[in-house]
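Breakdown of the fold
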Amino acid sequence: MTWAVGAFIALVAVLVASKPLRGESFGGTDGVIVLACGLRALTVAMAQATIRPWGRRVPGWLLLGGLAGAAGLQVFYPLAELVLKLAVVAGLLEETGLGATHTDATAWFNLVMTMLI
């Protein structure tokens, strides 16, 4: 399954990096997408290091700290997005072009599925 995550990361990186070749400009979320893909790749590498022979060369405290940090970020983002969506629904914020403030059915579905995962 690790290969599928790697293929996804590579596909997203190519799609973002090739925007100028397709006549598109970089948007505000492109940096977030690249950062998220980098974090996913790092998380997969750390998880693999816990079960692969080459991982014995990585200090245990580094793996523990890295995986705990990655887990914390995976929990933080959906919670932050939930707070933003609720603020939009309550009328405290206006909906913008950024995905975190979208309140249509698809956005709520994606948020709930992210939290369940």
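Residues numbered from 1 in each chain as written. Predicted model: local features only at pLDDT ≥ 70, side-chain atom pairs only at ≥ 80, totals over all residues. Heavy atoms only, no water.

1. Side note on the packing of aromatic side chains
- One pass over the structure, following the stated rule, counts 0 aromatic pairs.
- Cation over ring: Lys85 sits above Trp108, and NZ or CZ is 6.0 Å from the ring centre. (Phe/Tyr/Trp six-rings, centres within 6.5 Å; stacked < 30°, edge-to-face > 60°. Lys NZ or Arg CZ within 6 Å of the ring centre and 35° of its normal.)

2. Description of helix 1 (residues 2-17)
- Taking 1.5 Å of rise per residue, 16 residues should cover 22 Å, and helix 1 covers 22 Å from first to last C-alpha, within 8% of that figure.
- Among the residues of helix 1, those classed as buried are Ile9, Val12 and Val16. Taken around the axis of helix 1, the buried residues stretch over an arc of 65°, which confines them to a single face. Relative to its buried face, helix 1 has exposed residues pointing more than 90 degrees away, namely Trp3, Val14 and Ala17.
- Turning to helix 1, the residues buried within the fold contact helix 2 (30-49). (Helix = DSSP H or I, 4+ residues; strand = E, 2+ residues; numbered from the N terminus. Expected span 1.5 Å × (residues − 1). Buried < 20%, exposed > 50% of the residue type's maximum accessible area, 1.4 Å probe, protein only. Arc of directions from axis to C-beta. Contact = heavy atoms within 4.5 Å.)

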